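Now for the letters of each chain:
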Amino acid sequence: MSLPTPSSSNSTTGGFSIPQPGASLLLSFSFRPSPYSQPAPFFILGSGPLAAQRAFAAIEANASVVVLGKGNLKTVCEELRWRVNHGQVSWVDLDQFSDIAHDTELVNPDLVDTFALDKYFSGLPPSVSPKFLCITDTLLSTTTRRSRASARSIHTLCHSRNINVNTTDYPDLCDFSFATAYRFPDPPVISGGSSSAHLPTNGGALQIAITTNGQGCRLAGRIKREIVARLPRDVGKAVGNVGKMRALAKERDRNAEQISPSILGFSSPSATEDSEELDPCADTDTAPTPNSPVPQRPGRTDSIQENGLSPDVETTADRTRRRMKWVAQISEYWPLEKLAAMTEKDMKGYLEDEGAETETKAEVDPSITPMETHLSCMAITKSQLPPFSVPPPPPTSIHSIFPSPPNPIKPGQILLIGSGPGHPSLLTIAAHRALTELADIVLADKLVPAAVLALIPSRVEVVIAKKFPGNADRAQQEMMERALKEARKGRCVVRLKQGDPAIYGRFGEEILYFRNPPPRSPSTTTPAVDHPPLPPTLVIPGVSSALAAPTMFDIPCTQRGASTSFLITTPVGKGGKMLDMPKYERARTVVVLMGVARLRSVVKTLIGSGKDAGDYPPYLPIAIIERASMPDQRVVESTLEDIEHAMESAEVGAQRPPGMMVIGWSVSALWGDGNVDVLNEGDDGEGESLEKRASERTGILREASKAIEGEFREKNEQEMKQSEGTQIGNPEDVRRVRNWLGDGVRWRVREGLASTWDMFNINSE
C-alpha cells in the first residue's frame, strides 16, 4: 500500500507507539555551577589528540576537566600540554598511584591502571566524586592502544563506583557515546566598517548532534555537514537573540515591580525560578503548543472605567505571561533570518505594551529614501531572507502597471491577498505578481511562511503583524491603520494573509475599514485631515488551507459514498469567546480552523449528548493537519475519543502550528483500497436508506417492536461497555475504523512532503 507522504507511523495495541530498540537516549549535559552544588569534574583517560578533542568539548560545556595519564607532561600531545599550562585542564600522573599494584603478587599488566585509578578515586573528596570517565587510549588506529582486557577491567571498576564510561572503539564497554556535533557560532560584532572575515566569533547557544548508533560514524559527519550547509548562516544568532528577548521580557517586569513569589502566585524562592514558570519558551516547559488560549487584551480605544483605571491594567504576572507568549509566537512563526537580524532596540520595541507604530526615519528626514528606511515595526529586508528568483521590475512609464515612487498627489492602492496554504508554488499568478512587481510595502500576518516572504524584492518593506495570544485585536487595528496610512502616501500596499482572506481572515473588517476609514487613527492625537478617497480595495483570492490541507494528504472534503457536503467552522469567536459546534450529520465533513489549541473542549462538545452537544460517534475519524504543503507537514489520524491521547503521545511530541481539524468519514475514504461505502444508495445524509425508512412506517406494531428491541440493544451495549471498557457503536462503523487504522491501533502519524513537489520549488538563479 503506497502512502501519499514519505513517512508514516502507527500506534500499537492499547494506543501507544511500539518501541523500536537500538536507539540512543540523546541527552545534553551542562556542567555550569549552581547555587546549590558544584558539578563533578569530567575525567579523561589518555593523553593523545582524541583526549584533547574530548577535553575541548567538555570545557565548552563548562566542565572542570581532569586528564589522567602516565609519565610527565612531555608525553602529552601538544594541545593538551598547552591547555594544562594555561590552567584550562588539570593533569594527573597515574604513575604516582601505581605502587599498589606492584606491592601485590598480581603481575597482570592489564590490572595496573585499574588499581591506580581505584586508589586515585578513593582519595577524592565526595564533592568531586567522578560521574563520567572517557577512555581515549583505546583508539583503533593508534600503535599504543590499551588492551581490551585493561579497558574491561577499568569499566568494571567504574561500574562498581557508579561512574559512566565511554570507551573509544569498544561500543560494548560504553555507557554513553559522543555524537557528531556542531556548534553554530555567533557572528562577531562589526564596528567601524571593518570586515568580519578574520574576527573571532563567540560560541553560540545552538548545537546540533548526529548519531548513527554505531552504524556509520563517517557518514554521521557528512550528514552533519549537509544539515549545517542547509540552515541559514545566522541561525545561531537567531537562537541567541531569542534568548536575549526572553531575558528582556523578564527583566523589564522584575525591574519595574521587583516580582515577589506572592505576586506571581508561586512559592518559588527566586525570581528567576518564578519567571521560568511564566515562560513557554523555557527548557522546563512541556506545553505542546505556543497557541494555548489567553484572555484577549482590551482595545486601545476602550474608555476609562468609573474607578479611573484603564481596562488595560494588567498584573505584573499577567504582563510577563503575555510577553513570554509573544516570544514563543515569534520563535514559532518568524523567519530565522528575521530573528537573527533583531537588535536589542527591536526586541524592546516588540515587547512594548502598546505596540504602536513608530515613525520611520524617512518620515523624520525626507532626504532618506524608502530603501534606507528601517522599520521599527517588525520590518525585514531581502538580505535577511534566502535568495529566490524574482523577475526584474519593469521600467516605470505611463503605460506600466508598476507603480511610480510614492507621489503625494497620486492615490495609493490596497491589495488584500491570500498567500495560499504555504508552499510558494501554490500562490496564484495574481498574488505572485503583486508581491514581486507591484508592492511598495507588504503587511503580512504571522502565519505567512518565510518561503513566501522570500519572494518579495529587497526594495519592498515587509511588516509582520503582532498577532500574538491576547493581542490579536490590537494587532489587527494596527495593521489596518498602517495600510491606510501608507496608501494615503501613494504607495501600493499589499495586505498579505495566509490561505484565503475571506476564510476567517478578518477580510470583512478590513474591507469595511478601508471603504469608510475613520477621520484619524485612534492611536494618534493628531488633528483630523481630509484625504482624497482611495481606489476600492482589490481582493485577490488565495487557495484556502481548509481545502488544500486535506488534499495534501489525500483526504477529500467531499467524496461519493462518504461525504456529500462539508462545513468550515471555528470554536473561537470575537474576543476569544467559545462558539457552538455543529451537530453531527453522517454525510458531512467538518473542517475546524483555529481549534487545535482548544482540542479538549472541542472534542468534549462534539462527542457529548444533550442540547449543546454534537452527538458525534466517539469512533468517528478525525485528522489534525499541521503546516500543510510545507516540508515538515504532518497529519495525525485517529478517532474523536483517542485524538487527545494521540496529540499528547511521545510519538507526536510538540505541535507544529498552524494546524486544523478534519472530522468525518471522508478522513478514511481514500486510505488503502478505499472506504467509500459509508453512505448507502439513496442515502439522505443520516445513514438511513429510503427503503428502510419506508419499512419503518408500515405500522405502529413494528415501530413499538423496534423501540423495545432498540432499548434492549442499548442496555446490552451499555453493559458490555462497562464490562469491557470499550466504546460500543454501530458494529459496521467500528469495523470500518478498525480496517482503516489497524486492529488495536488508536492513531497514525504521517509526515513530510512528497519528493515530487521538488519539481515546483522556486530556486535562486
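See the structure printed just above.
Bear in mind the structure is a predicted one, so any value in this text is a computation, not a measurement.

Visitor: What is the right way to read the overall build of the protein chain from this model?
Guide: The number of helices and strands found in the protein chain is 23 helices and 20 strands. Counting over 765 residues, the protein chain shows a buried share of 43%. Sequence separation of at least 24 residues holds for 70% of the intrachain contacts in the protein chain that already meet a minimum separation of 6.

Visitor: Hey, could you run me through the packing of aromatic side chains in this one?
Guide: For any two aromatic rings, the description comes down to two numbers: the centre-to-centre distance and the angle of the planes. This structure, assessed with the given rule, holds 17 aromatic pairs. Consider the rings of Phe-43 and Tyr-120, whose centres lie 6.2 Å apart with planes at 75 degrees: the pair is edge-to-face. With Phe-43 in strand β2 (residues 42–45) and Tyr-120 in helix α4 (residues 112–122), this residue pair connects regions lying 77 residues apart in the sequence. Accessibility classification places Phe-43 together with Tyr-120 in one group, the buried group. For the pair Phe-43 and Phe-121, a centre-to-centre distance of 5.8 Å together with 75 degrees between the ring planes defines the contact as edge-to-face. Taken as a pair, Phe-43 in strand β2 and Phe-121 in helix α4 lie far apart in primary sequence, 78 residues in all. Just as Phe-43 is buried, Phe-121 falls in that class too. Here the aromatic cluster, defined as three or more aromatic residues joined through ring pairs, consists of Phe-29, Phe-31, Phe-42, Phe-132, Phe-176 and Phe-178. One Lys or Arg, Arg-54, reaches over the ring of Phe-178 and ends 4.0 Å from the middle of that ring. Positioned over the ring face of Trp-671 is Arg-748, at 3.6 Å from the centre of the ring.

Visitor: Which parts of the structure should I look at to understand the environment of Val-463?
Guide: Locating Val-463 in the fold gives a position in strand β12 (residues 461–464). Residues Val-463 and Val-442, 21 residues apart in the sequence, show an inter-C-alpha distance of 6.2 Å.

Visitor: Just checking my understanding: could you explain the pattern of salt bridges for this structure?
Guide: In a structure, side chains of opposite charge can pair up when their charged atoms sit close to one another. Taken as a whole and assessed by the stated rule, the structure comprises 35 salt bridges. Glu-60 is paired through a salt bridge with Arg-183; the nearest N and O atoms lie 3.3 Å apart. You can see Glu-60 sitting in helix α1 (residues 49–60) and its partner Arg-183 sitting in strand β7 (residues 180–183), a full 123 residues away along the chain. In this structure Glu-60 comes out as partly exposed when scored by relative accessible area, which is 38%. With its nearest N and O atoms 2.7 Å apart, the salt bridge here joins Glu-637 to Arg-750. Here the residue Glu-637 occupies a position in strand β18 (residues 634–639), and Arg-750 occupies one in strand β20 (residues 747–751), the gap between them amounting to 113 residues.

Visitor: Quick question: what am I supposed to make of the sheet that holds β2 here?
Guide: Across a sheet, strands are paired by hydrogen bonds formed along the backbone, either parallel or antiparallel in direction. On the basis of which strands lie adjacent, the open sheet formed by five strands has the order β4-β3-β2-β5-β6 and parallel pairing. Every other strand in the sheet has two partners, leaving β4 (89–93) and β6 (164–167) as the edge strands with one partner each. Pairs of neighbouring strands in the sheet enclose a mean axial angle of 20 degrees, with direction left out of account. Judged from the four bridges that link them, strand β5 (residues 132–135) and β6 form a sheet pairing that is parallel. Residue pairing across strands places Cys-134 opposite Asn-166, the latter belonging to β6.

Visitor: Please clarify how empty space enclosed by the protein should be interpreted in this entry.
Guide: Gaps between atoms show up when a probe of the same size as a water molecule is rolled over them. Scanning all chains against the criterion turns up one cavity of 30 Å³ or more. As a volume, the largest cavity reaches approximately 40 Å³. Surrounding the largest cavity, Lys-583, Tyr-584, Glu-585, Arg-586, Arg-588, Val-590, Tyr-616, Leu-620, Ile-663, Gly-664 and Trp-665 form its lining. Among the residues forming the lining of the largest cavity, the class breakdown is six nonpolar, one polar and four charged.

Visitor: When you look at the pairing of strand β3 (residues 65–69) in this model, what are you seeing that I'm missing?
Guide: In regular strands, side chains alternate between the two faces of the sheet. Counted residue by residue, β3 has five buried out of five residues, so it is predominantly covered. Here β3 shows no split at all, with Val-65, Val-67 and Gly-69 on one side and Val-66 and Leu-68 on the other all buried. Strand direction decides the pairing type here: β2 and β3, joined by four bridges, are parallel. In the strand pairing of β3, Ile-44 is matched with Val-67. Viewed along the sheet, the connection from β2 through α1 into β3 turns out right-handed. For the crossover that starts at β3, traverses helix α2 (residues 78–85) and ends in the parallel β4, the hand is right-handed.

Visitor: Is there a simple way to explain helix α6 (residues 217–230) in this structure?
Guide: Because the α-helix completes a turn every 3.6 residues, residues three or four places apart line up on one side. Between its first and last C-alpha atoms α6 spans 20 Å; for 14 residues at 1.5 Å apiece the expected length is 20 Å, and the two agree. Listed in full, the buried residues belonging to α6 are Ala-220, Gly-221, Lys-224 and Val-228. Relative to the axis of α6, the buried residues are bounded by an arc of 100 degrees and lie together on one face. When the buried face of α6 is taken as reference, the exposed residues oriented beyond 90 degrees from it are Arg-218, Ala-229 and Arg-230.

So, how was this worked out
Residues numbered from 1 in each chain as written. Predicted model: local features only at pLDDT ≥ 70, side-chain atom pairs only at ≥ 80, totals over all residues. Heavy atoms only, no water. Helix = DSSP H or I, 4+ residues; strand = E, 2+ residues; numbered from the N terminus. Buried < 20%, exposed > 50% of the residue type's maximum accessible area, 1.4 Å probe, protein only. Contact = heavy atoms within 4.5 Å. Phe/Tyr/Trp six-rings, centres within 6.5 Å; stacked < 30°, edge-to-face > 60°. Lys NZ or Arg CZ within 6 Å of the ring centre and 35° of its normal. Salt bridge = Lys/Arg side-chain N within 4 Å of Asp/Glu carboxyl O. Pairing = 2+ DSSP bridges. Axes fitted to C-alpha atoms, helices over the stretch in contact; angles between N-to-C directions. 1 Å grid on protein atoms, 1.4 Å probe; cavity = no way out; pocket = protein on both sides within 12 Å on 5 of 7 lines; lining within 4 Å. Points joined across faces, edges and corners; volume = space filled by probe spheres on them. Nonpolar A, V, L, I, M, F, W, Y, C, P; charged D, E, K, R; others polar. Right-handed = clockwise from strand over helix to strand, strands pointing away. Expected span 1.5 Å × (residues − 1). Arc of directions from axis to C-beta.

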